[in-house]
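Descriptive analysis of the structure
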Amino acid sequence: MDYLKTVVPSQLLAERGSNLVVINPGSANVRIGLAQQDVPVSVPHFIARRTNAVPKMDVQDQTLNSKVTTVQYMDRERAYDIISSLLKIRHLEEEVEDNQYLQKMGRLDAIAPQSNVKKETVIPWTNVFEKSVSSSSVEGESSTQKEANASSVDEEHIVSEKRYKESIFGDEALRISSAEPYCLHRPIRRGHLNISLHYPLQQVIEDIHAIWDWILVEKLHIPHSERHMYCAVLVVPETFDNREIKELLSVILRDLCFSTAVVHQEGLAAVFGNGLSTACVVNIGAQVTSVICIEDGAALPSTQISLRYGGEDISRCLLWAQRHHKTWPQIRTDPIAKPINLLMLNRLKESHCIIREGEVETVALVHSYEDGATPTSHRTKLVALNVPPMGLFYPNLLTPDVYPPPPRTWFSDNEDMLEDTSDFSRRADMSDGYYSGGGGFFPMWDSYPVYQARPKKQECIGLAEAITESILSTRRIELQRKLFCSIQLIGGVALTQGLLSSVEDRVLHSIPSHEAVDTVEVLQSRTNAAMVSWKGGAILGILDFTRDAWIHRDDWINNGIHVDSGRKYKDSYFLQAQAVCYINN
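Note that the structure is predicted; figures quoted are calculated from it, not measured. (Residues numbered from 1 in each chain as written. Predicted model: local features only at pLDDT ≥ 70, side-chain atom pairs only at ≥ 80, totals over all residues. Heavy atoms only, no water.)

Counted residue by residue, helix H10 (residues 266–273) has 8 buried out of 8 residues, so it is predominantly covered. When H10 is considered as a whole, its buried residues turn out to be Glu-266, Gly-267, Leu-268, Ala-269, Ala-270, Val-271, Phe-272 and Gly-273. (Buried < 20%, exposed > 50% of the residue type's maximum accessible area, 1.4 Å probe, protein only. Helix = DSSP H or I, 4+ residues; strand = E, 2+ residues; numbered from the N terminus.)

For any pair of aromatic rings, the description consists of the separation of the ring centres together with the inter-plane angle of the planes. Enumeration according to the criterion identifies 5 aromatic pairs in this entry. Centre to centre, the rings of Tyr-164 and Tyr-182 are 6.2 Å apart; their planes meet at 70°, and the pair counts as edge-to-face. Taken together, the residues Tyr-164 in strand E7 (residues 158–164) and Tyr-182 in strand E9 (residues 182–185) connect sequence positions 18 residues apart. Relative accessible area serves as the criterion here: at 3%, Tyr-182 is assigned to the buried category. Ring-pair connections join several aromatic residues into one group, and the members of that group are Phe-129, Tyr-164 and Tyr-182. The ring of Trp-320 has Arg-76 sitting right over it, with the charged end atom 4.5 Å from the ring centre. The cationic tip of Arg-506 hangs over the ring face of Phe-393; the distance from NZ or CZ to the ring centre is 5.4 Å. (Phe/Tyr/Trp six-rings, centres within 6.5 Å; stacked < 30°, edge-to-face > 60°. Lys NZ or Arg CZ within 6 Å of the ring centre and 35° of its normal.)

So, on to the environment of Glu-93. With respect to the secondary-structure elements, Glu-93 resides in the loop between helix H3 (70–87) and strand E5 (106–107). As a C-alpha pair, Glu-93 and Glu-77 span 16 residues in sequence and 9.5 Å in three-dimensional space. When near neighbours in sequence (up to four residues on either side) are disregarded, Glu-93 contacts Glu-77 and His-324. (Contact = heavy atoms within 4.5 Å.)

Let us look at the pairing of strand E16 (residues 298–307). For E16, the tally of buried residues reaches 9 of 10 residues, placing the bulk of the element in the interior. Sheet topology places strand E15 (residues 289–295) next to E16; 6 bridges connect them, and they run antiparallel. Across the sheet, residue Cys-293 finds its bridge partner in E16, namely Leu-300. (Pairing = 2+ DSSP bridges.)

Turning next to the side chain of His-185. Among the structural elements, His-185 can be located in strand E9. Within the structure, His-185 has its side chain in polar contact with the side chain of Asp-207 (distance 2.7 Å). Dropping the residues within four chain positions of it, His-185 is found in contact with His-45, Phe-46, Ile-47, Arg-49, Gln-60, Tyr-199, Gln-203 and Asp-207. (Polar contact = N/O pair within 3.5 Å; in protein donor to acceptor, adjacent residues only side chain to side chain.)

It is worth spelling out the side chain of Thr-474 at this point. Here Thr-474 lies in the loop between helix H13 (463–472) and helix H14 (477–484). At 2.7 Å, the side chain of Thr-474 forms a polar contact with the backbone oxygen of Ile-471.

The subject of this paragraph is unusual backbone geometry. Even without glycine at this site, Arg-190 takes up a positive phi of about 50°. Inspection of the secondary structure assignment puts Arg-190 in the loop between strand E10 (188–189) and strand E11 (192–193). Unlike most non-glycine residues, Lys-326 shows phi in positive territory, near 60°. Topologically, Lys-326 is positioned in the loop between helix H11 (311–324) and helix H12 (339–352).

Taking strand neighbours across the sheet as the criterion, the 6 strands line up as E3-E2-E1-E12-E13-E24 in an open arrangement whose pairing is mixed. Of all strands in the sheet, those with a lone pairing partner are strand E3 (41–44) and strand E24 (551–552), marking the two edges. Helix-sheet contacts for helix H8 (residues 201–219) involve strand E1 (20–25), strand E2 (29–34), E3 and strand E12 (231–236), and the interaxial angle to E2 is about 40°. Strand contacts of helix H9 (residues 242–255): E1, E12, strand E13 (260–265) and E24, with the helix running at about 145° to E13, the strand carrying the most contacts. (Axes fitted to C-alpha atoms, helices over the stretch in contact; angles between N-to-C directions.)

To continue, consider the confidence of the model for the protein chain. Chain-level statistics for the protein chain give a pLDDT mean of 79 and a share of 73% at 70 or above. Segment residues 95–119: pLDDT under 50, and 40 contacts once partners within four positions in sequence are set aside and those in other chains are kept. With pLDDT under 50 throughout, residues 563–585 is counted as low confidence; its partners more than four residues away or in other chains account for 88 contacts. (pLDDT = per-residue confidence, 0-100.)

Close contact between H13 and H14 brings their axes to 9 Å; oriented N to C, the two are set at 150°. Residue-level contacts link Thr-468, Ile-471 and Leu-472 of H13 to Gln-480, Leu-483 and Phe-484 of H14. Taken together, the residues of the contact of H13 with H14 sort by class into 4 nonpolar, 2 polar and no charged. (Nonpolar A, V, L, I, M, F, W, Y, C, P; charged D, E, K, R; others polar.)

Next comes the structure, spelled out in structure tokens:
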């Protein structure tokens, strides 16, 4: 503890973070970097593999369906009209001449012209060929002849031929034309491993291994021969099942050959990444939004809520709104069948979508991507740019792609990967809410059962209602008041302009009148909201001096880690006091 009080944070990062790799996987991106770095390498979580199959599948997800049913379409229109009334803009069916509301025009291209120009550059197709150089055979030549010919080597001796790359990763994988012999794989979808009849578990795990290994070698320059000198911190989303966490641990320890590894939750890591100890963490990702409450550096599992929508749904809603208003050019734009279109829509969303009252319009460049052709640009007027982000509060506006999950009964697991798996013994004089640990007694909030798998609540409610439900489930008024004043938004969508104030206002109005809470505050993130979980994982890994909960490679491969083995997966709910003390100071 004396060392922690005197050491400079930058010195601590340099000393203990040089051989610590932090991995934070998500449905859209995976963030990997050394703990001593300021920011990680963020790479789209995709891999495109060369295929000779006939007929060729462009994407591995064959059960995806982007078609909207009649009921969903009607619900979406009703949600749009509710939002338009709140924002004081025209309803869907109103003509431009019908000026029912006093229009407040917000020209976003005048607010941030430089960023718009940067985002509207044409996304190029990926070059799928690699050049290989082969020398003509010189067998039988004497050394004298070789020396004489060395100075006159030309194209007849060195032949450059084009060959297809066997695998393409990250951003380049999304920019491959459908005319090329590649199939796009997305190993994580909607907060879970993307397992289906067309995408078996073995292939999903192999794809994750290939993507992470490519990042480690090409981006972080950590070769296989030196991998045993590094430790790994795995920061997992709250949506992951215990079996899924185990599969990722096997990738890290068995396949990537790290010496030791530990698991942390995203929500818990985000709190430490912002230097807090208590907060309601709202993680708005690309495909899943999760809410969980943290108290004094300990996650409260009963407060967890998962919502099946995120940033990509906002991007697709942006496309739907433009088509409905007939402002979108007559081009084929399918973000599911052609992922390069999703890249374009994400850029438009990040550049132009905000939350504010009044008509919000701008002029932007929209690109058409036809297979085998050069992308063409269309200067287009985009309208109702403040409507798609409001889908977070009215999820009927965000009709998600239909992806029926596989039967997961075989995927269940009785061991909780994020709980202390030591054998808790209860004394007769202890209340039901306390269990004994190695050095004392720990409160088990809401009598959370140790040996049962944590429930994963998947609900289709608005973001404000989810936050309110999560906080009120703590059932302690003092804690509720503290959490309502410590809401933390993380994830890429959290950067949306106007979202913070909207969350404050709508959460306040969603609190039942009989609750003794009258103040709601969303805290500004001290670091990049999209990277805060990764940063928190780095801090937790550096401050974990004893590393009692870390899993060693040999133990995991040879025997696994069992309940009575004396080795824990990760005691995420009860962090060491020294780490909490250091962060708070």
